[in-house]
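So you can see what is in the structure, the chains are spelled out below.
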Amino acid sequence: MTDARPDPDRLLQQVQQDEARERRGRLKIFFGACAGVGKTYAMLAAARAAQAQGTALQVGLVETHGRADTEAMALGLPHLPLRALPYRERTLQEFDLDAALAWARGQHAPLVLLDELAHSNAPGSRHPKRWQDVEELLDAGVDVWSTMNVQHLESLNDIVSGITGVRVWETVPDRLFDEADEVVVVDLPPDELLERMKAGKVYLPPQAERAQAHFFRKGNLLALRELALRRTADRVDDQMQAWRKRSLVQAVWPNREALLAGVGSDEGAEKVVRACARLATQLDVPWHAVHVETPAVQGLPEARREQALRVLKLAAELGATVATPAAPDAAAARVRHAREHNLSRLVLGRGRTRWPWHATMAERVARLADELDVLQVAPPAAPRGHPAGQAAPTPLAGELAWKGYAFAVMASAGTALLATPLVGRIDLANIVMMFLLSVVGVGWFHGRGPAVAAAFFGVGLFDFFFVQPRFSFAVSDVQYLMTFGVMLVVALSIGQLTAGLKAQAAAARQREHRMRGLYEMSRDLSAALLPEQVAEIGARFLAAEFDARSTLLAADDHDQLTALAGGSAEVDHAVAQWAFDRGEAAGFGTDTLAASACLVLPLKAPMRLRGVLAVQPAERRMLGPDQRRLLDTCASLLAISLERIHYIDVAQKSTVQIESERLRNSLLSAISHDLRTPLAALVGLTDTLRLTPPALPPTHEDVAGAIRESALRMNAMVANLLDMARLEAGAVSLRREWLPVEEVVGSALAACAPALRGRPVQVRLPDDLPLVHLDAALFERVLVNLLENAAKYTPAGSAIEIGARAASDSVTLLLDDHGPGLPAGREEAVFEKFERGRKESATPGVGLGLAIARAIVQAHGGRIHAANRSGPAGVDGARFTIELPRGEPPADDGSTSGAAAAS
């Protein structure tokens, strides 16, 4: 008989959840396999019906994508004004969250329609994602209807990209989908969807052709449709399970096939597990494996218990969900597990009964739950030398728990000796109580079997020593037969209850001990500030809970493992590296490198693997499923703590770096401003000296010229320092104009004429280059820095080539030189501040020109990179490539600029 009493804690939690749900708005999602199935149309049609019934609603934002049917359905529905947000010289219309909240305050049960749940909001919005807007609306008590496709679910994103070859970057957490109050599946067969595509009802004809050739292939649509329907079915199944728990439904509902394998401690358990796994694979259904820790199982020899653990491990490897509940009755525990998880079929081994009146496990399950289908697996073939149908001897056959039965006999005999002097002084009913008390003691210390023996033996002793005629089993009064019967029944019941209570108390103490240990460890880990402290806390927990030595090996930035101080386990570093590289457990108790003395667990944190935990038990005994789960939980807590400490360190370093960068920029700006005045004066004085009559002698003229060139070079360096400081401080605002590329290149060449004197410069620009949207002064500085850089680091007289090309979405400028090229491996490093291509070079400079060039290009929304060019004799110079976004110039600007370029 199972306990159907409701759990008070669960009831309290349910009440709290109901209260929170009443205050929160309701979310309804129109869910489809892909674009074009009609989700937005279905949402608008449902909104029209709701409006006709008097629901107060507003359309927050609907994306019609130019579809006439959808636009017609949206007409007549009230719309909230959109919010205008400037973005990259454009103005985007986004959902106005504040306007929706303000409207909803005066409404009863307000409803907002917000299309495309996975949409990314424009910069400047309150939340980066639209689903976060939805959560704020729900928290404010506003009902929301929205739409989404299956590829936008976070857990299915990689699966969909693997099927279609298209990665979708806008995703929604599965939590929001699962917590939605209602999900409406909008389904359309692939053939009908493809017909809609051809008819131009989904995309315009050119877009439709490209879509059909890539994402919207029929095979892709079939796979996406199956994913959407399966994910919705899983959600409905979870809802059904939650409703069963809330309503305390006991019976199993066979609405979905699922299997439960009953794992015993006999030799047939492995065959049961393999048979259940085969059946689950054939039916394509989930399955569970349950091993019940009864008092009888806990008294089995260690070899028998390890056999059960090996079978459970096999079940987990074959895909089962494993559980090991502790209960006095295995049949009742299996039925309880089946009902809690709605498992309709129970797979058991065909049991043998020792006595005719004993029921098999299948019969006991059938009595407790007649709604379950019970499948019995034949016992394994008997080993040679044993007759068919007779079980092979097991370690238990010669290891009968005779001590418990001997204690039962001695306890009953002792009770009879104690009660004999009391005959005539106390009533026989009190002597019966003494025998019942002895049964309680036997059941508490030795379990169910000895308690049954004590009950029978006590009734016999009571009849022989205390019932007239004494010292005989004869009964003079028939009423004593009823006394014997009642005494026997009460003694058996008390023995069973006592044994069961002891098992439950032991299991509860064990769970409480584990939970207290985890709580203390998590509390200590929350205060740890060093990885060594984390290792010490973990070692302390593992020694207390598992009597095991441990070593924590942390991974550095190069994925090299280093043992932290305080470890005492004998770690095989090859096993540890294998577990870390593959993210899987290895060593003792696993199928990989099982001869190792340690079990090595990867420390999986949310962002990456943080190392491995090596655990060396004092005895080479298999860990049960509960122990393994506890160990995995310990490893997870340690990994999260290591990651927390890592990011604390990163945050501290970032703070120091930001502060030092700010101070350096301030210093550079101050120094640059202070240097420009004397440099300008120095240039002016040298010019005055050279121009004032009488003319200087040739030697003095050369000195004055050298002073002037050095001052101008120093002034250029100071200008670079100032520009870098202004760019990093965000003090530069772009003054963009639509300009031809040749105009910008020409002005840069004119500015660099002194530095390029004596060098051939070849400019090859196509005639059909589009206008580019640039800040002319800043972009001229980019080209000047690149040209001066080429002039400094290439041989005198070598050529410099400038080219360009246009693509559909970008314009690319190329600058090639014929020098020694860039040092191998430092193609990106040259763009860092104060970095120079060749550190051993005697060419003057501070290494800011390329850093300024990259900052300006990035401010224009482009990118710049460098690479070496190959020639017949190896490296034939460097190539700097600038990619700028291509836009559409306004008609007036385009005509004006074009005329200017033509003139």
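Everything below is about the structure printed above this text.
All of the points below concern the structure found in this document.

Thresholds, definitions, all that
Residues numbered from 1 in each chain as written. Predicted model: local features only at pLDDT ≥ 70, side-chain atom pairs only at ≥ 80, totals over all residues. Heavy atoms only, no water. Buried < 20%, exposed > 50% of the residue type's maximum accessible area, 1.4 Å probe, protein only. Helix = DSSP H or I, 4+ residues; strand = E, 2+ residues; numbered from the N terminus. Contact = heavy atoms within 4.5 Å. Phe/Tyr/Trp six-rings, centres within 6.5 Å; stacked < 30°, edge-to-face > 60°. Lys NZ or Arg CZ within 6 Å of the ring centre and 35° of its normal. Pairing = 2+ DSSP bridges. Axes fitted to C-alpha atoms, helices over the stretch in contact; angles between N-to-C directions. Lys, Arg positive; Asp, Glu negative; His and termini not counted. Salt bridge = Lys/Arg side-chain N within 4 Å of Asp/Glu carboxyl O. Patch = residues over 30% accessible without salt bridge, like charges linked within 9 Å, V, L, I, M, F, W, Y side chains within 5 Å. Areas by Shrake-Rupley, 256 points an atom, 1.4 Å probe, with all protein chains shown as cover. Polar contact = N/O pair within 3.5 Å; in protein donor to acceptor, adjacent residues only side chain to side chain. Arc of directions from axis to C-beta. Core = buried A, V, L, I, M, F, W, Y, C linked by side-chain atoms within 4.5 Å.

### Describing unusual backbone geometry
- Positioned with a positive phi, Glu-116 is a non-glycine residue whose angle comes to about 55 degrees.
- Look at Glu-116 and you get partly exposed, because its relative accessible area is 26%.
- Phi angles above zero are rare outside glycine, and Asp-547 is one such case at about 50 degrees.
- The topology assignment puts Asp-547 in the loop between helix 20 (531-546) and strand 13 (548-555).
- With relative accessibility at 54%, the residue Asp-547 sits in the exposed group.

### Considerations on the environment of Lys-28
- On the secondary structure map, Lys-28 appears in strand 1 (residues 27-32).
- Excluding its chain neighbours within four sequence positions, the residues that come into contact with Lys-28 are Val-144, Trp-145, Ser-146, Glu-182 and Val-184.

### Quick word on the packing of aromatic side chains
- Tallying each qualifying case throughout the model produces 8 aromatic pairs.
- Judged by centre distance (4.8 Å) and plane angle (50 degrees), the ring pair of Phe-31 and Phe-177 falls under tilted. Taken as a pair, Phe-31 in strand 1 and Phe-177 in helix 7 (residues 174-179) lie far apart in primary sequence, 146 residues in all.
- A residue is classified by how much of its surface remains accessible, and Phe-177, at 0% relative accessible area, is buried.
- Both rings, one in Phe-465 and one in Phe-466, keep their centres 6.4 Å apart while their planes meet at 55 degrees; by these two values the pair is tilted.
- Grouped by ring-pair contacts, the aromatic residues Phe-435, Phe-462, Phe-464, Phe-465 and Phe-466 constitute a single cluster.
- One residue, Lys-28, lies across the ring of Trp-145, its end atom 4.5 Å from the ring centre.

### With respect to the sheet that holds strand 5 (residues 111-114)
- With respect to topology, 5 strands assemble into an open sheet ordered 2-5-6-1-7, the strand pairing being parallel. Two strands close off the open sheet at either side, each with one partner strand: strand 2 (57-61) and strand 7 (182-185). Each strand axis lies, on average, 20 degrees off the axis of its neighbour in the sheet, ignoring direction.
- As defined by bridge partners, strand 5 adjoins strand 6 (residues 143-149) across 4 bridges and the pair is classed as parallel. Across the sheet, the residue bridging to Leu-113 is Trp-145, located in strand 6.

### Notes on the side chain of Asp-133
- Looking at the element boundaries, Asp-133 is found in helix 5 (residues 130-139).
- This buried residue, Asp-133, is left without a salt bridge; Arg-130 holds the nearest opposite charge, at 5.4 Å.
- Those residues in contact with Asp-133 that sit more than four places away from it in its chain are Phe-95, Leu-97, Asn-121 and His-127.

### Some details on a nonpolar patch on the surface
- Taken together, the side chains of Trp-444, Phe-445 and Leu-501 make up a nonpolar region of the molecular surface, amounting to roughly 330 Å² of accessible area.
- In this fold, Phe-445 is placed in helix 17 (residues 428-446).
- A relative accessible area of 55% means that Phe-445 is categorised as exposed.

### Quick look at the environment of Ser-526
- Note on placement: Ser-526 falls in helix 19 (residues 479-526).
- Classification of Ser-526 as exposed rests on a relative accessible area of 52%.
- Taking the C-alpha atoms as reference points, Ser-526 and Arg-644, 118 residues apart in sequence, are found 9.1 Å from one another.
- A distance of 2.6 Å separates the side chain of Ser-526 from the backbone oxygen of Arg-523, its partner in a polar contact.

### Side note on the environment of Gly-460
- With respect to the secondary-structure elements, Gly-460 resides in helix 18 (residues 448-466).
- With relative accessibility at 23%, the residue Gly-460 sits in the partly exposed group.

### Things to note about helix 4 (residues 97-104)
- Taken together, the buried positions of helix 4 are Leu-97, Ala-100, Leu-101, Trp-103 and Ala-104. Burial along helix 4 is one-sided: seen end-on, the buried residues are contained in an arc of 160 degrees.
- Buried residues belonging to helix 4 abut strand 2, strand 5 and helix 5.
- The N-cap of helix 4, judged by a side-chain oxygen 3.3 Å from the amide nitrogen of Asp-98 a few residues on, is Asp-96.

### A short note on the nonpolar core
- Within the largest apolar cluster, 62 residues are counted, with the highest numbers of intra-cluster contacts made by Ile-29, Phe-31, Phe-95 and Leu-137.
- At 5 residues, helix 4 tops the list of elements feeding residues into this core.
- With residues near it in sequence (within four places) discarded, Leu-137 still touches Phe-95, Leu-97, Ala-100, Leu-101, Val-112, Val-142 and Val-144.

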